[in-house]
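# Summary of the model geometry
Each chain, written out:
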Amino acid sequence: MAPVVGTARKLLQNALAGAGYPRHVLVACSGGPDSLALAAVAAYFARRGHVDGHPLTVGAVVVDHQLQEGSGEVAARTAEALQDLGLQPVEIRTVTVAGAGMGPEAAAREARHAALEAAAGGQGAQAVLLGHTLDDQAEQVLLGLARGSGTRSLAGMRPARPGAGNAVLLRPFLELRRADTEEICAVEELDPWHDPTNSDPSFARSRTRVEVLPHLEEKLGPGVAESLARTAAILQLDADYLEDVAESTYASLVVRDGRDLSLPEEELRALAPAIRFRVIAKAAADAGGQQPSYRRLLAAEALLRRQGSAGPVELPGGVAVYRLSLAQLEESKDAAAAGAPDGTGSVPREPARCGKLVFRPQKPPAK
Ligand SMILES: Nc1ncnc2c1ncn2[C@@H]1O[C@H](COP(=O)(O)OP(=O)(O)OP(=O)(O)O)[C@@H](O)[C@H]1O
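Bear in mind the structure is a predicted one, so any value in this text is a computation, not a measurement.

Thresholds applied
Residue positions are given per chain, counted from 1 along the sequence in the order it is written. A pLDDT threshold of at least 70 governs which residues receive local features in this predicted model, and a stricter bar of 80 or more applies before side-chain atom pairs are shown or counted, although totals over entire chains, interfaces and linings include all residues. With hydrogens and water excluded, all non-hydrogen atoms of the structure serve as input to the side-chain values. Under the scheme used here, helices are H or I runs from DSSP no shorter than 4 residues and strands are E runs no shorter than 2 residues, and both carry numbers assigned from the N terminus. Throughout this description, buried means an accessible area under 20% of the type-specific maximum (1.4 Å probe, protein chains only), exposed means over 50%, and partly exposed covers the range between. Two residues form a contact once any of their heavy atoms are found within 4.5 Å. Here the open area of atoms and residues is found with the Shrake-Rupley method and a 1.4 Å probe, where only the protein chains shown may cover a residue. Charge counting treats Lys and Arg as positive and Asp and Glu as negative, with His and both chain ends excluded. Charge coordinates come from a single atom per side chain, which is NZ of Lys, CZ of Arg, CG of Asp or CD of Glu. The rule for pairing is simple: two strands pair if DSSP sees at least two bridges between them. Axes here refer to lines fitted to C-alpha atoms; in helices the fit is confined to the stretch in contact. Angles between the N-to-C directions go from 0 to 180 degrees. Put simply, a nonpolar core is a bunch of buried Ala, Val, Leu, Ile, Met, Phe, Trp, Tyr and Cys residues held in one set by side-chain atoms that sit within 4.5 Å of each other. UniProt positions are given in the numbering used here, feature names are shortened, and annotations may be inferred rather than shown by experiment. The reported arc concerns the directions from the helix axis to the C-beta atoms and nothing else. In the sections that follow, a salt bridge refers to a side-chain nitrogen of Lys or Arg positioned within 4 Å of a carboxyl oxygen of Asp or Glu. Working rule for angles: under 35 degrees goes down as roughly parallel, over 145 as roughly antiparallel, 65 to 115 as roughly perpendicular, anything else as oblique. The classification used treats Ala, Val, Leu, Ile, Met, Phe, Trp, Tyr, Cys and Pro as nonpolar, Asp, Glu, Lys and Arg as charged, and all other residues, Gly among them, as polar.

When its secondary structure is counted, the protein chain shows 13 helices and 13 strands. With the C-alpha coordinates of the protein chain rotated into their principal frame, the extents come out at 85 × 50 × 40 Å. Relative to its 367 residues, the protein chain shows a buried fraction of 44%. Pairs at least 24 residues apart make up 71% of the contacts formed inside the protein chain by residues separated by at least 6 positions. Put simply, the protein chain shows about 18,800 Å² of open surface, and 54% of that area lies on carbon and sulfur atoms. Across the protein chain, 39 positive and 45 negative side-chain charges occur, with their mean positions spaced 6 Å apart.

Structure follows, in structure tokens:
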């Protein structure tokens, strides 16, 4: 047995063990070398009927995005190869990529994920296996750096994450090079399909794959891809920690008033900037907006400077954020007190210890 096949089997074994030994898994296969190699390695365990003594069956799904001429034939040929490997059941899901308001790659990914989720639900699979490799991870980090992304994006793809309905998404080959998956296909006598868009220079990802990463490896020495993937693994730890702290801080600070959300400004000021930015981003998303860019977040955060503007700052997805100062809050309470129905004029003075940032959706809620 070629050493790379042994390594790949070990990687899949570890991934399945980490996921608590799912009984039925689904290989998401495009027909390309990465996912075809993954299917071949999964088929080895399917033939044995178990992993580490835990029963296992393996099915497969091929998504036909209908974006290229002849995509139906590629899907049919791939499904046949998967059947020959002994995977059961093998299904082809044909999707229509619409994706209003997003790029063609993102739209295809969204349609594919919906199809994978439906297939996993239909087959009762507890895990979906994806063929991403270390090269994919390195390319993602490089692209993120080039775009000026933050921790979460540079943390790249996770080896395991919830995602396809009740099934977990597993990426067992994140430590394998793309050359390794090609080798596995050769050893297994599989004839993978090479997607022409993977080398189409009009896509930044293709240029990164075909030109940028090989160039870096040539100029900086081999191991650059591994280093970039290591950056992702290190940042996954940081991103998870920061996310946890931001999530619990946000939950403890947010006050809901109808569709408005508010955060107390003194508490926001006291937070470490890394957490403050994340808490503000969470409020924006929670109020129905989208993840704001760093520039928009800076503008929202600047509202906390006492002498600065009180806003509003428009955030993407139709959320406006503005600062309500203590004086304004006192004023509105006095107005309410003057008109207090019980005539006592007594309106509780708490909790207005300080001003607040208010996040207000600009659009009516979707029906
Ligand atoms: N059409 C598809 N049908 C089913 N699964 C897919 C399809 N396209 C992609 N996937 C899954 O998503 C993974 C990553 O997709 P991507 O488009 O980045 O593939 P790739 O790098 O070309 O890999 P591959 O060599 O497997 O095609 C694939 O390895 C596969 O598991």
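Let us keep going from here.
Turning our attention to the sheet that holds strand β12 (residues 319-324). Taken together, five strands build an open sheet; the order of strands is β9-β10-β13-β12-β11 and the sheet is antiparallel. In this open sheet, the two edge strands, each paired with only one partner strand, are β9 (255-257) and β11 (313-315). Across the sheet, the mean angle from the axis of one strand to that of its neighbour is 25°, orientation sign disregarded. Across the sheet, helix α9 (residues 224-253) is in contact with β9 and β10 (260-264); its angle to β10 comes to roughly 105°.

Once that is clear, we can look at the pairing of strand β7 (residues 160-164). Every regular strand shows the same layout, with side chains that alternate between the two sheet faces. Across four bridges, the pairing between β7 and strand β8 (residues 167-170) is antiparallel. Bridging across to β8, R161 finds its partner in L169. With antiparallel pairing between neighbouring strands as the criterion, β7 and β8 make up a hairpin whose turn holds two residues, including G165 at a positive phi of roughly 60°.

Counting residues in hydrophobic clusters, the biggest one holds 38 residues, and the most contacted among them are L16, V27, L82, L87, L129 and I184. Ranked by size, the runner-up nonpolar core spans 26 residues in total, among them L253, L303, V321 and L357.

Here the UniProt-annotated "domain: tRNA(Ile)-lysidine synthase substrate-binding" (unreviewed entry) positions come out as residues 266-323. Structurally, residues 266-323 comprises 48% helix and 14% strand, and the distance from its first C-alpha atom to its last is 12 Å.

So, on to helix α7 (residues 178-187). Of the positions making up α7, those classed as buried are R178, T181, I184 and C185. For α7, the angular spread of the buried residues around the axis is 115°, confining them to a single face. Of the exposed residues in α7, those oriented more than 90 degrees away from the buried face are A179 and A186. E189, located one to two residues past α7, shows a positive phi value of around 55°.

Let us look at the pattern of salt bridges. Applying the stated rule across the entire model yields 20 salt bridges. Residue R158 pairs with D240 through a salt bridge whose shortest N-O separation is 2.8 Å. Here R158 is found in the loop between α6 (151-154) and β7, whereas its partner D240 is found in helix α9, with 82 residues between them in sequence. With a shortest N-O distance of 3.0 Å, R256 and D286 are connected by a salt bridge.

Okay, the packing of helix α5 (residues 134-147) against helix α8 (residues 204-220) next. It is the contact of α5 with α8, at a shortest axis distance of 10 Å, that shows an interaxial angle of 100°. Our classification of the angle between α5 and α8 gives roughly perpendicular. Residues D135, D136, A138, E139, Q140, L142 and L143 of α5 form the contact with α8, whose participating residues are A204, R205, T208, R209, V212, L213 and L216. Partitioning the contact of α5 with α8 into residue classes produces seven nonpolar, two polar and five charged.

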